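Here is what each chain is made of, one letter per residue.
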2 protein chains.
Amino acid sequence: MKTDIEISQAVELKPIVQIAEKIGLAADDLELYGKYKAKVGYETIQKLNSRNDGKLILVTAINPTPAGEGKSTVTIGLADALNQLDCQTMIALREPSLGPVMGVKGGATGGGYAQVLPMEDINLHFTGDMHAITTANNALSAFIDNHIHQGNTLNIDSRRVIWKRVVDLNDRALRQVIVGLGGPVQGVPREDGFDITVASEIMAILCLATDIDNLKARLGNIVIGYTYDRKPVTVSQLGVQGAMALLLKDALKPNLVQTIEGTPAFVHGGPFANIAHGCNSVLATQSALKLADYVVTEAGFGADLGAEKFLDIKVPHLSKAPDAIVIVATIRALKMHGGLAKDALANEDTEALKRGFSNLKQHIENMQQYNIPVIVAINQFVSDTEAEFDVLTQLCQELNVTVRRANVWGEGGKGGLDLAKAVVEAIKQQPSNYQRLYQDSQSIEEKTQAIVEKIYHGKKVNFSAKAKAQLKTFEQYGWQHLPVCMAKTQYSFSDDATKLGAPKDFEVTIREFVPKLGAGFIVALTGDVMTMPGLPKTPAGLNMDVTSDGQAVGLF
Amino acid sequence: MKTDIEISQAVELKPIVQIAEKIGLAADDLELYGKYKAKVGYETIQKLNSRNDGKLILVTAINPTPAGEGKSTVTIGLADALNQLDCQTMIALREPSLGPVMGVKGGATGGGYAQVLPMEDINLHFTGDMHAITTANNALSAFIDNHIHQGNTLNIDSRRVIWKRVVDLNDRALRQVIVGLGGPVQGVPREDGFDITVASEIMAILCLATDIDNLKARLGNIVIGYTYDRKPVTVSQLGVQGAMALLLKDALKPNLVQTIEGTPAFVHGGPFANIAHGCNSVLATQSALKLADYVVTEAGFGADLGAEKFLDIKVPHLSKAPDAIVIVATIRALKMHGGLAKDALANEDTEALKRGFSNLKQHIENMQQYNIPVIVAINQFVSDTEAEFDVLTQLCQELNVTVRRANVWGEGGKGGLDLAKAVVEAIKQQPSNYQRLYQDSQSIEEKTQAIVEKIYHGKKVNFSAKAKAQLKTFEQYGWQHLPVCMAKTQYSFSDDATKLGAPKDFEVTIREFVPKLGAGFIVALTGDVMTMPGLPKTPAGLNMDVTSDGQAVGLF
């Protein structure tokens, strides 16, 4: 069987200028990065504003398991299928972080015959967006430490700097560090830590900013820490939002690439969904809506994290809400949610499937709360049996939800035609009537409760003493109107990663809030959510190589 | 008076495809990064191998002073002038580090009417080479710490890891850090530090590698530290040279840009000259020699550092040595070397000039030791007087060295025509007969002594107890044959930055050696050479901004 990279390297890519023509963009609208990647410039994006919007399809999933779901693969295959049906379609995906690529994933650009290309470039440095974010983030850190070192006129409490440095790598040794050691010439010692770049507030800002001025304003609003008398200190007080925006001026432009079948795809921005809002950029999604009749986009992890944040945090910055939501599941993963062990997944087990369906069911009902049509996509595996699929179909019918199998991994768009037809039909039949889960005017506490009750179905939210104290100060600062971005394990509806299926009677504890005034939300930390992954014992990087003529080896 | 960025933004750039035609490259030879930047692919570089070499002109300088010399500006202007004389010429320059750009320099792409463009891009992320190096460097650090954390089968002594992390920023707080804090799950605590990216051994490797296989072999040779029983540990033992080479596969390709006058310029690689070898990449210089009749290149800081390293470390990897060496000086800087204070430099002072000439004289004589024709270029300032220039001309004539004034900052190539004619004449008249300062077969100690005696003109080298012990172990490891890369202040021939002019009777102390087996040299540390600069009280970044339509502001 061919690997993803073998499949992708056998494809003859079309020049990106040709791909752009499919969505009405000329060569002058593009800033080329080689023959097969391009950024779309600001002038072009502005020109699009007056156009009508296409239809928006949000692809989400059940809670991920080690069995795998293939959400990006389905997103890509569904778009290819829509194009085969002569629905003019483009994709808006997140760009991968190098950390997981080097660590465990090897690549994150779909799989099989449903991939975005050139996969090597996208998985490695791509057009440099991640590096620009890393640099802007760490430049701010350098400016902060330099300010403290050079007299600290802003009276920043070095013990209360909340702005952390980042690298786009999995590097556990950087989670907690002490910087500024070595005596008075080397700066002021303080505790610090590194997050992975995709967890940086700047990544969230880049993905929510609507233009350069908005980007700069958001950067200026970032709270980097507090003074000795507990006043928040912002980037605009340091006066470096201009330099930071300058470093990000190209990263803000959406990246255009293509699928194996030549479907145009924006791959732009990539915040993690467990700690950040988990969606690709507003500029990419918004531009795609103006350029295509159908836009297929994806939100990170399960629908409890990525889709909730897409709907409650991202949609208010778009000109429209999704017209349909596709929830991706696999029979294997549902059986794991039903208690089956990983090494028994190849066995037919309709009972485990029925038990595990509880996870899918809750995601379906959650998404229906937003008044948007829901379709279930079963990403096929060879071990799936007809009996299992029949059981699943039956269970979905009881909920009045369409379910379709897709084999886009093995067949590309052709394997997604049934799904694509069902999606188009659902959009035609049932108009979306988006309703947000909470209102801006509710308190941070109420918003957190709304998410825990209506999405996670926990019975109660506990706020730690620290979280309670923070809520009071946030009220003083006037931050109450902001949405809440939950930081929670992706593996469970609850804050306990081991509780699969649809756990009941659990409580969720908010350990701490982190204000992200630039991104424009308040992060609520539950449990121990990792903002810097570590490498496994045998990292994927050990298998990577490059040939004498520059071909990548060992990206999956 | 227009600023550099104003001058550059008023220039109508030619598409890089047109610039490439001047050196016989077709569109297919280029990997475009936007319209005005491109990388030259491996296939093209290999095709060039059989061609004849052009003439190589090395531009170097006196020891830098706060008065400024303008070496890059003269390099660019000289090349533009040569093209005006119908000598087909291209440039091979280093690419700037973002740290100094954000810190004090604002930009590093020449000045006035002698600039390489697009200056904003080159000074910011350019084609991502620095970011690739940063990433490869820090990925190695993550692999090292992960190896120690996951059982440490190589028995690495965490107290003797010499591989440091890097950022491409000025950030003094990262000079000395402790990583791995937070308990057993977060890794093994150890002392570490961050250098600036241009000080990374990977930068030196990238600049000396001749192709991907050579790059990979060099990466594999890097010594990252020692075991508990004091054996060196290499990257190839960790098995990650493939992943690192993969991260660097595009960064290794030379970047093609243009000057204001349309002269093709490779801007590629940029190690600092005080701590590393200070020259642009071998691949860029070598390719330029195959593509143009004349190649003007530059080495960092004064001739005691950059030029010495160019001649003793880089030239052995090129197909030829320089045909001429241009030493850039300014009358202002020479007066500073003669003891004049910075605020008095505008006053005519031929006596200070005569005293300060000692610095230039020693550089001239040093370069003549290599048996290569030497020309002096005086980069003109409005405060220079005819009397001063007459004195300087007289002093140079006594040494039988041609001296020419250049006003390329104010006039571009036209201001460098006299200089260009003198250089062409020198090359015609006096064939270069390159002779290296030392031989591989000499000991590390003897090589160090050769540099200190023949270039710095110090009376003695002292080796610290640590350095002496290292020399013994290096002999055991078989590292004796490697060249020595001196790490010394750029401001003085001596290891004391305050000793201007041509100090005598000083001793140089080698505090420590650092083996750079990947780069293929042994660094000899004198005094306190900074491998991570700090930001000044008012960093250049505070004046930087970007307009709503994406134009850079505040790069000088």
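Residues numbered from 1 in each chain as written. Chains lettered and ligands numbered in written order. Predicted model: local features only at pLDDT ≥ 70, side-chain atom pairs only at ≥ 80, totals over all residues. Heavy atoms only, no water.

A. Focus on the relation of the copies chain A and chain B. The two copies are related by a screw motion: chain A maps onto chain B through a turn of 180 degrees and a shift of 0.0 Å along the axis, at an RMSD of 0.0 Å. When the rotation and shift are considered jointly, the pair of chain copies conforms to a two-fold rotation axis. Proximity to the rotation axis, assessed at the C-alpha, singles out Tyr 33 of chain A in chain A; its C-alpha lies 2.2 Å from the axis. Counting the interface residues of chain A, we find that 100% of their copies in chain B are interface residues as well, pointing to one common contact surface. (Least-squares fit on C-alpha atoms with pLDDT ≥ 70 in both. Contact = heavy atoms within 4.5 Å.)

B. Geometry of helix H7 (residues 129-149) of chain A. The end-to-end C-alpha separation of H7 of chain A is 30 Å, in line with the 30 Å expected for 21 residues at 1.5 Å each. Once H7 of chain A ends, the next one or two residues include Gly 151 of chain A, with phi positive near 120 degrees. (Helix = DSSP H or I, 4+ residues; strand = E, 2+ residues; numbered from the N terminus. Expected span 1.5 Å × (residues − 1).)

C. Seen up close, the interface of chain A and chain B. Listed per partner, the contact involves 71 residues of chain A and 71 residues of chain B. Contact between chain A and chain B buries roughly 5900 Å² in total, counting both sides, with carbon and sulfur atoms accounting for 61%. The residue Asp 545 of chain A makes a salt bridge to Lys 216 of chain B at a minimum N-O spacing of 2.9 Å. Looking at the side of chain A that touches chain B element by element, the count peaks at 10 residues for H7 of chain A. (Buried area = accessible area lost by both parts, 1.4 Å probe. Salt bridge = Lys/Arg side-chain N within 4 Å of Asp/Glu carboxyl O.)

D. Just the UniProt feature "binding site: ATP" (unreviewed entry) in chain A, in detail. Residue and element names in this part refer to chain A. Under the present numbering, the feature "binding site: ATP" (unreviewed entry) in UniProt falls on Thr 65, Pro 66, Ala 67, Gly 68, Glu 69, Gly 70, Lys 71 and Ser 72. Structurally, the position occupied by Pro 66 is in the loop between strand S3 (55-61) and helix H4 (71-84). Setting aside residues up to four positions removed in sequence, Pro 66 forms contacts with Met 336 and Lys 342. Relative to the helices and strands, Glu 69 resides in the loop between S3 and H4. For Glu 69, a relative accessible area of 9% translates into the label buried. If we skip the residues at most four places from it in the chain, Glu 69 touches Ile 62, Asn 63, Pro 64, Val 328, Thr 330, Ala 333 and Asn 379. Among the polar contacts listed, one links the side chain of Glu 69 to the backbone nitrogen of Thr 65, at a separation of 3.1 Å. (UniProt positions renumbered as here; feature names shortened; annotations may be inferred. Buried < 20%, exposed > 50% of the residue type's maximum accessible area, 1.4 Å probe, protein only. Polar contact = N/O pair within 3.5 Å; in protein donor to acceptor, adjacent residues only side chain to side chain.)

E. Up close: the domain arrangement of chain A. Residue and element names in this part refer to chain A. What the domain assignment reports for chain A is domain 1 (4-127 + 251-427), domain 2 (129-247) and domain 3 (444-526). Computed over C-alpha atoms only, the centres of domain 1 and domain 2 are separated by 33 Å. Of the residues lining the interface, 30 residues belong to domain 1; the matching set on domain 2 comes to 21 residues. Between the two partners, domain 1 and domain 2, sit one salt bridge. (Domains from an automatic or database assignment.)

F. Just helix H4 (residues 71-84) of chain B, in detail. Residue and element names in this part refer to chain B. Over its 14 residues, H4 runs 20 Å from end to end, which matches the ideal 20 Å to within 8%, given 1.5 Å per residue. Judged by how many residues are buried, H4 sits mostly within the fold: 11 of 14 residues are covered. Considered for burial, the residues of H4 that qualify are Lys 71, Thr 73, Val 74, Thr 75, Ile 76, Gly 77, Leu 78, Ala 79, Asp 80, Ala 81 and Leu 82.

G. Quick peek at the sheet that holds strand S21 (residues 484-487) of chain A. All names here are of chain A. Taken together, four strands build an open sheet; the order of strands is S20-S22-S23-S21 and the sheet is mixed. Of all strands in the sheet, those with a lone pairing partner are strand S20 (460-463) and S21, marking the two edges. Within this sheet the neighbouring strands show an average axis-to-axis angle of 40 degrees, counted without direction. Note that strand S22 (residues 507-516) and strand S23 (residues 521-526) share six bridges and pair antiparallel. Note on S23: the bridge partner recorded for Pro 515 is Ile 522. (Pairing = 2+ DSSP bridges. Axes fitted to C-alpha atoms, helices over the stretch in contact; angles between N-to-C directions.)

H. Seen up close, the packing of aromatic side chains. This model, assessed by the stated rule, comprises 10 aromatic pairs over all chains. Where Phe 474 of chain A meets Trp 479 of chain A, the ring centres are 5.1 Å apart and the plane angle is 50 degrees; that geometry is what we call tilted. Take Phe 474 of chain A: its relative accessible area is 1%, and that puts it in the buried class. Relative accessible area serves as the criterion here: at 7%, Trp 479 of chain A is assigned to the buried category. Ring geometry for Tyr 477 of chain B and Trp 479 of chain B: centres 4.7 Å apart, planes at 50 degrees, overall tilted. The exposure class of Tyr 477 of chain B is partly exposed, given its relative accessible area of 25%. (Phe/Tyr/Trp six-rings, centres within 6.5 Å; stacked < 30°, edge-to-face > 60°.)

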